[in-house]
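Inside the fold
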Amino acid sequence: MQRVRKAVIPAAGLGTRFLPATKSSPKEMLPVVDKPSIQYVVEEAVRAGITDILVITGRSKRAIEDHFDRNFELEYYLEQAGKHDLLKEVQASAELADIHYVRQRDPLGLGHAVSVARSHIGNEPFAVLLADDIMIDDSTLLRAMLDVHDRYGRSVVALQEVAPDEVSSYGCVEPDSLHEDLVEIRRIVEKPALDQAPSNLAVMGRYVFTPEIFDALDRIEPGRGGELQLTDAIQLLLDEQTVYGQRLHFGRYDVGQKVDFLRANIELALDRPDLGPQVEEFLREIMRRRNIM
């Protein structure tokens, strides 16, 4: 059985929720503390043992490529200024992995974005990591998903229980429990109304696919907004082979949402020994001024 060696990171979205900040800068480059959000995703893949990464980009995404490339002028300046710690960090981002890029020329949805990776992936299993979701779990979830693929040779999607008012924002599954946090998926529905949802187990932004997903993507029809839904392709895949779901319980930030983006910045800063005490103090001061405490 072939192990997963490659990952795909779709990053072609327009980031309209963060306008005007994303008018000229990719949303994936918005900083979470002091690193762009997409770097957290790349580092997660690398910690799980994946170092061949394809980023699906679009117009105005050149900054992503520049970030993971060398910047000799900046490196020379940092070296001459004796800022060796910063120099190491800058160089490290360019040496994380073997990163490739391909453009999604038309904004036809997540399913289409994954489909354009076919020529790079070939007939291999692969992971998909959505750039809006950053996982602060030392790659525990992704490693578990890769282990499930290694054991069964089948696709795996990440699942998390969501509140009733959030069900319609996600693809939701009908699960058949196997053991602990692993389920066998019976059915998957894209953004169902609460009364039509098969469960409150929602698909999160991590997937491990067998290469047959590409054939399923070729067969799906455009859905809402003319987009090709990855969820529809997974449902077709279910007709041919088992798909598993791996539950997650902690460590996820949806940085495509403003509140979660702010929460990620605050919580990750609190975890930093160089920033945590100061951040905690100004949060206490804000709460005192607002008479919250």
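The following refers to the structure shown. Just so it is clear, the model here is predicted, and its values are computed rather than measured.

Each value, and the rule that gives it
- Residues numbered from 1 in each chain as written.
- Predicted model: local features only at pLDDT ≥ 70, side-chain atom pairs only at ≥ 80, totals over all residues.
- Heavy atoms only, no water.
- Helix = DSSP H or I, 4+ residues; strand = E, 2+ residues; numbered from the N terminus.
- Contact = heavy atoms within 4.5 Å.
- Axes fitted to C-alpha atoms, helices over the stretch in contact; angles between N-to-C directions.
- Parallel < 35°, antiparallel > 145°, perpendicular 65-115°, else oblique.
- Left-handed = near helix turned anticlockwise from the far one by under 90°.
- Nonpolar A, V, L, I, M, F, W, Y, C, P; charged D, E, K, R; others polar.
- Salt bridge = Lys/Arg side-chain N within 4 Å of Asp/Glu carboxyl O.
- Buried < 20%, exposed > 50% of the residue type's maximum accessible area, 1.4 Å probe, protein only.
- 1 Å grid on protein atoms, 1.4 Å probe; cavity = no way out; pocket = protein on both sides within 12 Å on 5 of 7 lines; lining within 4 Å.
- Points joined across faces, edges and corners; volume = space filled by probe spheres on them.

Examining the side chain of aspartate 254
- Relative to the assigned elements, aspartate 254 resides in strand β13 (residues 252-254).
- With near-sequence residues (within four places) excluded, aspartate 254 lies in contact with Asp132, Asp133, Tyr170, Asp260 and Phe261.

Considerations on the packing of helix α3 (residues 72-80) against helix α4 (residues 84-94)
- Between α3 and α4, the least distance of the axes is 8 Å, while the angle of their chain directions is 160°. Considering their axes alone, α3 and α4 lie roughly antiparallel with respect to each other. Classified by chirality, the crossing of α4 by α3 is left-handed. Side by side, α3 and α4 meet where Leu74, Glu75, Leu78 and Glu79 of the first sit next to His84, Leu86, Leu87, Val90 and Gln91 of the second.
- Partitioning the contact of α3 with α4 into residue classes produces 5 nonpolar, 2 polar and 2 charged.

Some points on the pattern of salt bridges
- All chains considered together, the criterion is met by 27 salt bridges.
- Residue glutamate 44 is joined to arginine 206 by a salt bridge in which the shortest nitrogen-to-oxygen separation is 2.7 Å. In this pair, glutamate 44 sits in helix α1 (residues 37-47) while arginine 206 sits in strand β11 (residues 201-209), placing the two residues 162 residues apart along the sequence.
- For arginine 206, a relative accessible area of 0% corresponds to the buried category.
- Across the salt bridge formed by arginine 288 and glutamate 285, the nearest N and O atoms sit 2.9 Å from each other. Of this pair, arginine 288 and glutamate 285 are both found in helix α11 (residues 276-289), 3 residues apart, which corresponds to roughly one turn of the helix.
- Take glutamate 285: its relative accessible area is 33%, and that puts it in the partly exposed class.
- Salt bridges sharing common partners tie together Glu281, Glu285, Arg288 and Arg289.

Topic: the packing of helix α10 (residues 258-270) against α11
- The geometry of α10 relative to α11 is characterised by a closest axis approach of 7 Å and an angle of 125° between their N-to-C directions. By the angle class used here, α10 and α11 are oblique. Residues Ile266, Ala269 and Leu270 of α10 form the contact with α11, whose own contacting residues are Gly276, Val279, Glu280 and Leu283.
- Considering only residue class, the contact of α10 with α11 consists of 5 nonpolar, 1 polar and 1 charged.

A short note on empty space enclosed by the protein
- Inspection of the entire model under this criterion finds 1 cavity of 30 Å³ or more.
- Size it by volume and the largest cavity reaches roughly 40 Å³.
- Forming the walls of the largest cavity are Phe18, Lys27, Leu30, Ser37, Asp132, Val255, Gly256 and Phe261.
- Split into classes, the residues belonging to the lining of the largest cavity amount to 4 nonpolar, 2 polar and 2 charged.

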